[in-house]
Amino acid sequence: MKLFVSEGNPHCLKVLAAVEVSGVQCDVQYVNHEERVVPFLSRPALPALLLPSGLHLFSSNAICRYLFEVSGKDSSELCNQWLEWEATDLQPALLQALHLAVVQGKGSEVSKVLQGPLNYLEQSLSKGNTPYLTGEAVSVADVVLWAALYPVLSDASLALGERASIKAWFDRGAVMHSCQSAAQKVLQGKGLQGMKSYMQRQPAPSSSQCRDSQPCNGNPAESEESERAVSAEEMETAALTWNKGLNTCSMATSRQHPILPQEGKRNILLTSALPYVNNVPHLGNIIGCVLSTDVFSRYGRLRGWNMLFVCGTDEYGTATENKAREEGLTPQQICDKYHVIHSDIYKWFQIDFDFFGRTTTEKHTEIAQNIFWRNHKHGYLVEDTVEQLRCEKCQRFLADRFVEGICPHCSYPEARGDQCDKCGKLINAVELGEPQCKVCKETPSIRSSKHLFLDLPKLEGQLEQWLDKSTSTGDWTANAKQITRSWLRDGLKPRSITRDLRWGTPVPHPDFKEKVFYVWFDAPIGYLSITANYTDQWEKWWKNPQQVELYNFMAKDNVPFHSVMFPCSLLGAQDNYTLVNHLIATEYLNYEDTKFSKSRGVGVFGDMAKDTGIPSDVWRFYLLYVRPEGQDSAFSWADMALKNNSELLNNLGNFINRAGMFVTKFFEGCVPAMELQQEDKRLLALVGWELQQYIQLLDKVKIRDSLRRILNISRHGNQYIQLNEPWKKIKGGDTERQRAGTVTGVSVNIACLLSVMLLPYMPTVSQTIRDQFNAPQSCVDTMLQGTGTFVCSLSAGHRIGTVSPLFQKLEVDQIEALKKTFGGQQSDDEPPKKKTAQSAGSPPPAAGPAAAAEVVAGIGADPEKAKQLTQAVAEQGEKVRELKAQKAQKAAITAEVAKLLDLKKQLALAEGKGSDPAPQKGKKK
C-alpha cells in the first residue's frame, strides 16, 4: 500500500497517526498540496491511500478505518457513530476555526466557533466511565478525533476554556509516541503556523459550514465523508441483494379517502403549523412548516406507513380584522380570499395535503367550545381581572402585537406588548414605557377587564409526566426540548384564554359572551376541527393515543404552544386525546443577510416564486438543502445558483442523463447484460450503505442530512463512469464491450434507485426519471423497505424511453436580475427607532416563545391604482408566456420576468398588502 500525504495538511495528521497506532506497513510518500494522485478526481485529494487492488481511498476517516480493520481491529457501531460525528459536526467547525487562527490571525474567535462541538464531546466523555471514546482501549475514533483536535488543543494561546474530561482524554493520547510522531511529521514542530501554507491554498470556509456558530447552508460532511472502506462481505451481500429482484406485489397503492387508522400498521398523523390567513407565506414559512411535513409524508408512504397529513389556514384574530379594514372587506371575505391564495401557493410547491382546511367553521366552534367546557368542568379554568391597554381612537382593546413601547427590562424601544425581541423576556403590555397603538400611533389608556385563565400550575404535574415520556421515546428536535425546558424551569403561571376582540371563536360562558378565545388556545384546536371537516370519524385519529403517532412540524417560535399550552388544554379536557409524540422544529431561514419583508419587497414570497421561471422542484431542493435544522440558515441567490449548477446539473443530472444516453446510443435503447466484477460489487455496497443511511436519517426526520446521501450516490456513480469509460470500451473487443454494458446497466439501475429516493424531495423530477427509463411501479414499492433494498430493477433487455436533460443552468445574469428584483428598496440594518405614523415599519424578528402572533400592515390601499396595475400584471404575464412559448433568448425572458415581478410588488402595495411578517415565523399552530 502507498500512502500519499502532504506537510501542514491537518487531515494527513489523522492517517499518519492511524498508521503508527495500527502498525500497518505503508509506503508513505510526501507530495505537495496540489499533487493529483487520484487519477479520476478533478481536484487534488490528500491524503490518499493506493490499495493493492489499484483502488484509491481519499477520505481521511475511511483510510483510518481501513488501516485499523487491516490490523484486525474492526470498528464498532459506536466507533462508526463517532467517526460520523467527527466528519459532519466537528470538521466543519474545525476548518473554520483553523482558517480564523492561521489565515486571518483571529485566534480569539476560535473558542466561539468550537464551543458547540467541544461541549458535546465534553458531555459525552463525562458521562462515560471509560478512558477512551468506545471503551477501555484506543479505537480508530480516538485516533481520528485526537488528531483532528491536536492543532487547536495543543495551542494554549487559543484559550478554549477548561473542559476536564476532554483534557484527561487528550492527555492520554498526547503521551502516545505514535500520535506525537505523526504531529511532528505534519506540523514540523511549528504548531498552527505549520499549517499556514496549506490553509492559505484552501477556499475560505463560509460561516455556514459550522453548525454551532453562524447560519448553516451547507452539508458539513461533503468534503470529508466522500469515500469509505468496503469489506468483501459487504460486497457479496450487496450482490446477493441486487439479484433478488423487485417485489411482485404492489405496496404503494393509491390513497382511499377517508384515511383512517388501521390495525397492525404504523398510523401516523401529521400536522403542519397553521399559517396565518392574512399573510402571504415567504420561503422561511414554507420550509419551516408545510414543505418539511410534505417530505416526511411522502417518505412515510414509500415506507408503507399509514399517513394522514392535515393543515389549513388560521383565520381568527385581530390581524384578520385589520386586513379586512384595509381592503374594505369583511373578515370572512378576507379569509376566503387569502385561503385561496395560500392553497394555490402550496399546490405550486407540490405540497400533497390529504386535506387543507380552515378554522372558521362550525366544527371548529363546536370542538373548541367542548374542550373549553370540559376544562371548566374539571376545575382547570380560573377568573381574574386584568389591566389592558385600550385605544380610544380605534375604540378597542389592543392585542399584544398591536402595541409597542420601551421594554421595562432592557429599554429596547420597539418591544411588543407580549415579549421583547431583544432580551426575550415576557412582558405585560401595561408595563411598556411610552406605549403606542401600532394602528393609529395614539397613546392607549389602561382599562380593567375580566378574563378566564387556563390554570397551568394545576396541570403542571400531568404535563411533566407526559413530557418525560414523550421526549424520551419520541423524536423531538433539540431546540424543541430546550425551549420546552426553559418554559418549565421557573414554573408555569395561569394564562388567559379569552380576549376582548370581535373576530374569533365565541366564548360560550354567559359571563363572557362578549369575548372570544385567545388565538393560542383556539388555533391549535384547528388541527382537530380540520380533521373533523375531512372525516366525521376524526376521533379515530385524535382520541386514539394507543394506535396513533402524532408528528407536529413548525418553526421554533411555535414550540411552547405545541409542547406546553395545547397539551395542557387537552390534558385538562380529560377526553383521551392524542398528544404529540414527535415535535419537529426548525430554526429560522433568513433572506440573504437580512429578513423577509413584504412591504419593502425584500425576499421571495410564495406567490412570486412561480414567476421566476425556476421550477418548483428546484425551489424545493434548495430550500431543503439549506433547511435550518440545527441553527439558522439563509436563502442566497448566488448559493442557489451554485447548488443548482453543481449538485443538480453537474452531479445528479449529469449522472442520470449519461447513464440513459449510453443505453440509447450504444445499446439501441435496451439495458445490456451485466456481469458483475469486484469493482461493481463494491459500488453496489457503497450505494446500499448510502441508502441505509438515507433511511435511518429520514426515519429520524433528518431531512437535510438525508438529501446529502442522494447526492453522494450520484457522485459515486459519476466517478464509476469516469473511471470505466464505457464510451471508449464500447469500441473495443468483446470483453471490453461486455464491460461497457455492465457499467451502463449498473448505472441506469442506480439512476432508477435515485428516482425513488428523490420522490419525497423532488416529486416531478422523480416521476420524469422513471418515465424516461420506463421504470416499473414496483421499484417504488421495493427500494425503501426494511433497512433499504437496492435491487436490479431494470434487467437486461428492458427498453427505456426517450432520455433528456433534467435540469437547466441558472445563468449569472438571470440570478443577478432576480436578486435585484427581490432586494427591496432599503436596508434592514438601520438602528431601532421609535416609529411614527409616517414611518411604520416591520417588527423585529421573532425570537422567543410567544413570537407567533399577529403583525400590522403599514401601507394603505389604493383601489384605483390597484385596478390599473391588475391589468398591467395580466398583460405583462401574457407577454412572458409568449416569450417562453417562442423559446426566446433567456436574457430577454429574464428581463420581462423582472418587469412582471416589479408590477406585482406595486400591485401588492396598492392593494394594501404591506404587512411585514416576522422573519421566519412558523405560523401559529
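Basis of the calculations
Residues numbered from 1 in each chain as written. Predicted model: local features only at pLDDT ≥ 70, side-chain atom pairs only at ≥ 80, totals over all residues. Heavy atoms only, no water. Helix = DSSP H or I, 4+ residues; strand = E, 2+ residues; numbered from the N terminus. Buried < 20%, exposed > 50% of the residue type's maximum accessible area, 1.4 Å probe, protein only. Contact = heavy atoms within 4.5 Å. Areas by Shrake-Rupley, 256 points an atom, 1.4 Å probe, with all protein chains shown as cover. Axes fitted to C-alpha atoms, helices over the stretch in contact; angles between N-to-C directions. Parallel < 35°, antiparallel > 145°, perpendicular 65-115°, else oblique. Nonpolar A, V, L, I, M, F, W, Y, C, P; charged D, E, K, R; others polar. Core = buried A, V, L, I, M, F, W, Y, C linked by side-chain atoms within 4.5 Å. Arc of directions from axis to C-beta. Pairing = 2+ DSSP bridges. Salt bridge = Lys/Arg side-chain N within 4 Å of Asp/Glu carboxyl O. Phe/Tyr/Trp six-rings, centres within 6.5 Å; stacked < 30°, edge-to-face > 60°. Lys NZ or Arg CZ within 6 Å of the ring centre and 35° of its normal. Expected span 1.5 Å × (residues − 1). Left-handed = near helix turned anticlockwise from the far one by under 90°.

*Asks:* Please provide a residue-by-residue account of the overall build of the chain, values included.
*Replies:* Along the chain, the regular secondary structure elements total 31 helices and 20 strands. Taken across its 925 residues, the chain has 62% of its residues classed as buried. The long-range fraction of contacts in the chain, counting pairs at least 24 apart against all pairs at least 6 apart in sequence, stands at 80%. Per element, the accessible surface of the chain, about 35400 Å² overall, is 49% carbon and sulfur.

*Asks:* Can you break down the packing of helix α21 (residues 616-625) against helix α22 (residues 637-666) residue by residue, with the values?
*Replies:* Here α21 crosses α22 at 105°, and the two axes come no closer than 10 Å. When the axis of α21 is compared with that of α22, the two are roughly perpendicular. Contacts between α21 and α22 involve V618, W619, F621, Y622 and Y625 from the first element and W637, D639, M640, K643, N644, E647 and L648 from the second. Residues of the contact of α21 with α22, tallied by class, amount to eight nonpolar, one polar and three charged.

*Asks:* How would you summarise the nonpolar core if you had to cite specific residues and measurements?
*Replies:* In globular proteins that are soluble, nonpolar side chains generally tend to be buried together. Residues W619, W637, Y694 and Y761 are the most contacted members of the largest nonpolar core, which totals 194 residues. The residues touching Y761, leaving out its near neighbours within four places in the chain, are V295, R620, L624, Y694, L698, I703, S706, L707 and I710. Residues A93, L121, A183 and Y198 belong to the second largest nonpolar core, which totals 67 residues.

*Asks:* Provide a residue-level description of helix α9 (residues 232-242), including the pertinent values.
*Replies:* Within the sequence span of α9, burial applies to M235, A238, A239, T241 and W242. Looking straight down α9, one finds that the buried residues subtend no more than 160° of arc, so they occupy a single side. Across from the buried face of α9, at angles greater than 90 degrees, the exposed residues are A232, E233 and L240. On the buried face of α9, the contacting elements are α23 (678-699) and α26 (734-758).

*Asks:* Lay out the sheet that holds strand β14 (residues 495-496) in plain terms, naming residues and giving numbers.
*Replies:* A sheet is described by the order of its strands in space; here four strands give the open sequence β9-β8-β13-β14, paired in antiparallel fashion. Each having just a single partner strand, β9 (396-397) and β14 make up the two edges of the open sheet. Judged from the two bridges that link them, strand β13 (residues 445-454) and β14 form a sheet pairing that is antiparallel. Its bridge partner lying in β14, L454 is registered against R495.

*Asks:* How would you explain the sheet that holds strand β3 (residues 48-50) if you had to name every residue and give the values?
*Replies:* Across a sheet, strands are paired by hydrogen bonds formed along the backbone, either parallel or antiparallel in direction. On the basis of which strands lie adjacent, the open sheet formed by four strands has the order β2-β1-β3-β4 and mixed pairing. Edge positions in the sheet fall to β2 (27-30) and β4 (56-57), since each has one partner strand and no second. Its contacts with the sheet place helix α1 (residues 10-22) against β1 (2-5) and β2, and it is angled at close to 145° to β1.

*Asks:* Before we move on, could you go through the pattern of salt bridges and cite the residues and values that matter?
*Replies:* It is possible for side chains of opposite charge to pair when their charged atoms get near one another. With the rule as written, the count across this model stands at 37 salt bridges. Across the pair K185 and E20 runs a salt bridge, and its minimum N-O distance is 3.0 Å. Here E20 lies in helix α1 and K185 lies in helix α7 (residues 177-187), a separation of 165 residues in the sequence. Its relative accessible area of 32% is what places K185 among the partly exposed residues. Taking the relative accessible area as the measure of exposure, E20 reaches 30% and is therefore partly exposed. Between D352 and R255 there is a salt bridge, with its nearest N and O atoms 2.3 Å apart.

*Asks:* So what about the packing of aromatic side chains? Which residues, and what values?
*Replies:* What the rule picks out here adds up to 35 aromatic pairs. Ring geometry for Y346 against F356: centres 5.5 Å apart, planes inclined by 75°, an arrangement best described as edge-to-face. In this pair, Y346 sits in helix α12 (residues 331-348) while F356 sits in strand β7 (residues 355-358), placing the two residues 10 residues apart along the sequence. The structure contains a cluster of three or more aromatic residues connected by ring pairs, namely F296, Y299, W305, Y551, F553 and Y694. One Lys or Arg, R390, reaches over the ring of F397 and ends 5.3 Å from the middle of that ring. Lying over the aromatic face of F402, R396 brings its terminal NZ or CZ to 5.8 Å of the ring centre.

*Asks:* Tell me about helix α4 (residues 110-127), and name the residues and values.
*Replies:* Along its 18 residues, α4 runs 25 Å from first to last C-alpha, staying within 8% of the 26 Å computed at 1.5 Å per residue. Restricting attention to buried positions, one finds in α4 the residues V110, V113, L114, P117, L118, L121, E122 and L125. Among the structural elements, α3 (77-103), α5 (140-153) and α6 (164-174) are those in contact with the buried residues of α4.

*Asks:* Residue-level account of the packing of helix α13 (residues 362-377) against helix α17 (residues 525-534), with values.
*Replies:* The geometry of α13 relative to α17 is characterised by a closest axis approach of 9 Å and an angle of 135° between their N-to-C directions. Considering the angle they form, α13 stands oblique to α17. Once α13 is placed against α17, the crossing between them reads as right-handed. Between α13 and α17, the residues in contact are K363, H364, I367, A368 and I371 and I525, G526, L528, S529, A532 and N533, respectively.

*Asks:* Which residues make up the pairing of β13, and what are the values?
*Replies:* As paired elements, strand β8 (residues 381-391) and β13 share 10 bridges and run antiparallel to each other. Bridged to E383 within β13 is L452.

*Asks:* Tell me what's going on with the environment of Q419, and back it up with residues and numbers.
*Replies:* For Q419, the location among the structural elements is in the loop between β11 (415-416) and β12 (433-437). According to the relative accessible area criterion, Q419 is buried, its value standing at 0%.

*Asks:* Give a detailed account of the environment of N119, specifying residues and quantitative values.
*Replies:* Turning to its location among the elements, N119 is positioned in helix α4. Note: C-alpha distance between N119 and R163 (44 residues apart in sequence) is 8.2 Å.

*Asks:* A description of unusual backbone geometry should follow, citing residues and the corresponding values.
*Replies:* Following L46, the chain continues into P47 via a peptide bond in cis, with omega recorded as 0°. Counting through the fold element by element, P47 comes out in the loop between β2 and β3. Backbone torsion omega between H257 and P258 reads 0°, so that peptide bond is classified as cis. Inspection of the secondary structure assignment puts P258 in the loop between α9 and β5 (267-272). A positive phi is found at S411, a non-glycine position, where the angle reads about 70°. As for its position among the elements, S411 is in the loop between β10 (403-406) and β11. According to the relative accessible area criterion, S411 is exposed, its value standing at 51%. Positive phi is not limited to glycine here, since E725 has a value of about 50°.

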